[in-house]
Amino acid sequence: MRLPLTLPRFLAALTLLVGAPAFAADTAPVLRNSLGQPYVLIPAGEFVMGRQESAEALAEAYPTLERGRFDKLQDETPAHRVRISKAFWLGQHEVTVGEFRRFLQASGHVPESLADGTGAYGYNPDYDPASSARGDAFEGRLPRYSWQNPGFKQSDEHPVVNVTWFDAVAMAAWLSKTEGRRYRLPSEAEWEYAARAGSNSRYHSGDAPESLLKVANVFDADCAPLWPQWQAQALRGRDGHTFTAPVGSFAPNAWGLHDMHGNAWEWVADWHGEDYYANSPSVDPQGPATGDVRVRRGGSWHTWPLYARSAFRNWNAPDTRYVLLGFRLLREAD
């Protein structure tokens, strides 16, 4: 029996023929769902996941940081080839404040920061990081902070932050039930594959940290004055935003995705495993079966360039609600 040639099947066949999937950013297929969210079709394909350069090379590239930091990045290795076997739709940008609000109004879901009464983290100009036992840059966890109040002004077009992994999963589940299509968080492999968009460099914009100024909202000369103790780690240029930026404010990657570097960290589906890459399946890896912390990717408006690389992995307990942390959803293709 001959199967109908759907768009995902066509893309998979094209990948086998030409060896690499390719959509120009301005021609990538886009759909909008019931909340008005735009999703970009990401074709199936292969890529090298993880960091290929040595810790010594990284130390040379980021000379303002102490050498010990680079030895702590072993969970980015070994670099290994991964095949993403199915095309998928990925949010063109991070979930926004407005989209999250519409989800809450329609579903009745209560975000964890409000449901448990303990709140979240936020920016307070009078807060001193030295007053925190761990030197955290932000004040919290406190009831006055939540997705509605991260301590700085946001519009409906900004990425929602202070949401937990469970809040993200709840939104995906509600969309799935509402639309009859499966939504979920991307796997770590799907996220990195989409972020790289065919690139093999530190960022999809190249290897140079300064290349981020055109594609990402990260720690730069606009943000650094609020944290003078870390100014040496800031990009020397300005991206025009002290805190979060409206989604889509920066140039997309080659597959039409915005803010894969910076703006807000993004929850992904996987548990974190320090040595998972050494034993990871080569096709559609899903992360360890169990764990204590979930992975987050991509960096934020407060992230130093080293930690905004495509290969960098970070993690938090799934009930974390943090002023830098949001999410992006995946919709499975037919």
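One can find the structure itself at the top, above this paragraph.
Read on for an overview of the structure. Bear in mind the structure is a predicted one, so any value in this text is a computation, not a measurement. (Residues numbered from 1 in each chain as written. Predicted model: local features only at pLDDT ≥ 70, side-chain atom pairs only at ≥ 80, totals over all residues. Heavy atoms only, no water.)

**Some details on the packing of aromatic side chains**
Centre distance and the angle of the planes are the two values used to describe a pair of aromatic rings. Under the definition given, this model contains 22 aromatic pairs. Residues Trp227 and Trp301 carry aromatic rings whose centres are separated by 6.1 Å and whose planes lie at 50° to one another, so their mutual orientation is tilted. Of the two residues, Trp227 is situated in the loop between α7 (188-196) and β9 (265-271) and Trp301 in the loop between β10 (294-297) and β11 (314-316); the sequence distance between them amounts to 74 residues. Trp301 carries the same exposure label as Trp227, and that label is buried. In textbook terms, an aromatic cluster arises when at least three aromatic residues are bridged by ring pairs, as seen for Tyr121, Tyr123, Phe138, Phe152, Trp227, Phe243, Trp301 and Tyr322. (Phe/Tyr/Trp six-rings, centres within 6.5 Å; stacked < 30°, edge-to-face > 60°. Helix = DSSP H or I, 4+ residues; strand = E, 2+ residues; numbered from the N terminus. Buried < 20%, exposed > 50% of the residue type's maximum accessible area, 1.4 Å probe, protein only.)

**What about the nonpolar core?**
Counting 60 residues, the largest nonpolar core has Phe70, Phe100, Phe138, Met171, Phe327 and Leu329 as the members making the most contacts within it. For this core, the secondary structure elements donating two or more residues are β2 (38-42), α2 (55-61), α4 (97-107), α6 (165-179), β9 and β12 (325-327). With 6 residues, the top contributor of residues to this core is α6. What Leu329 contacts, discounting residues up to four positions off in sequence, is Tyr39, Trp89, Leu90, Gly91, Val95, Ala168, Met171, Ala172, Leu175, Arg184 and Leu185. The next biggest cluster of nonpolar side chains, apart from the first, holds 23 residues, and it includes Tyr193, Trp255, Tyr276 and Val295. (Core = buried A, V, L, I, M, F, W, Y, C linked by side-chain atoms within 4.5 Å. Contact = heavy atoms within 4.5 Å.)

**What about the pattern of salt bridges?**
Using the criterion set out here, one finds 23 salt bridges in the structure. Residue Arg184 is joined to Glu332 by a salt bridge in which the shortest nitrogen-to-oxygen separation is 2.8 Å. Of this pair, Arg184 sits in strand β8 (residues 183-184) while Glu332 sits in strand β13 (residues 330-332), and the two are 148 residues apart along the sequence. Residues Glu188 and Arg297 are paired through a salt bridge, measuring 3.0 Å at the closest nitrogen-oxygen approach. (Salt bridge = Lys/Arg side-chain N within 4 Å of Asp/Glu carboxyl O.)

**Comments concerning the sheet that holds strand β5 (residues 88-91)**
On the basis of which strands lie adjacent, the open sheet formed by 5 strands has the order β1-β2-β5-β13-β8 and antiparallel pairing. Two strands close off the open sheet at either side, each with one partner strand: β1 (30-32) and β8. In this sheet, β13 lies alongside β5 in antiparallel orientation, the contact comprising 3 bridges. Considered in β13, the bridge of Phe88 is made with Glu332. Packing against the sheet, α7 makes contact with β2, β5, β8 and β13, and its axis sits at approximately 75° to β5. (Pairing = 2+ DSSP bridges. Axes fitted to C-alpha atoms, helices over the stretch in contact; angles between N-to-C directions.)

**As for the sheet that holds β12**
The strands making up a sheet associate through backbone hydrogen bonding, with each pair oriented either parallel or antiparallel. A sheet is described by the order of its strands in space; here 4 strands give the open sequence β11-β10-β9-β12, paired in mixed fashion. The strands lining the two open edges of the sheet, one partner per strand, are β11 and β12. Averaged over neighbouring strand pairs, the angle between their axes works out to 50° when direction is ignored. Here β10 pairs with β11 via 3 bridges, running antiparallel. Across the sheet, Val295 pairs through a bridge with Trp315, a residue of β11.

**Description of the pairing of β5**
The two faces of the sheet receive side chains in turn, since in a regular strand these alternate between them. Neither face of β5 is left uncovered, since the one carrying Phe88 and Leu90 and the one carrying Trp89 and Gly91 both have all their residues buried. Two elements, β2 and β5, share 4 bridges in a ladder whose sense is antiparallel. Bridge pairing in β5 links Ile42 to Phe88.

**A word on the layout of surface pockets**
Estimated volume of the largest pocket: approximately 1,000 Å³. In terms of lining, the largest pocket is formed by 30 residues, of which the most central are Trp265, Arg296, Tyr307, Asn314 and Tyr322. Elements with a contribution of two residues or more to the lining of the largest pocket: α3 (68-71) and β11. For the lining of the largest pocket, the residue count by class is 12 nonpolar, 8 polar and 10 charged. (1 Å grid on protein atoms, 1.4 Å probe; cavity = no way out; pocket = protein on both sides within 12 Å on 5 of 7 lines; lining within 4 Å. Points joined across faces, edges and corners; volume = space filled by probe spheres on them. Nonpolar A, V, L, I, M, F, W, Y, C, P; charged D, E, K, R; others polar.)

**What about the environment of Arg331?**
Within the fold, Arg331 resides in strand β13. Take Arg331: its relative accessible area is 13%, and that puts it in the buried class. In sequence terms Arg331 and His272 are 59 residues apart; their C-alpha atoms lie 22 Å from each other. Every residue in contact with Arg331, bar those within four places of it in the chain, is listed here: Leu31, Asn33, Tyr39, Phe88, Trp89, Glu179, Arg181, Arg182 and Tyr183. One polar contact links Arg331 to Glu179, side chain to side chain, over a distance of 3.4 Å. (Polar contact = N/O pair within 3.5 Å; in protein donor to acceptor, adjacent residues only side chain to side chain.)

**A word on the side chain of Asp239**
Counting through the fold element by element, Asp239 comes out in the loop between α7 and β9. An unpaired buried charge is present at Asp239: no salt bridge exists, and Arg238, the closest side chain of opposite charge, is 8.2 Å distant. A distance of 3.4 Å separates a polar atom in the side chain of Asp239 from the backbone nitrogen of Val218. Once residues lying within four places of it in the same chain are set aside, the contact partners of Asp239 are Leu213, Ala216, Asn217, Val218, Asp220, Asp222 and Phe250. (Lys, Arg positive; Asp, Glu negative; His and termini not counted.)

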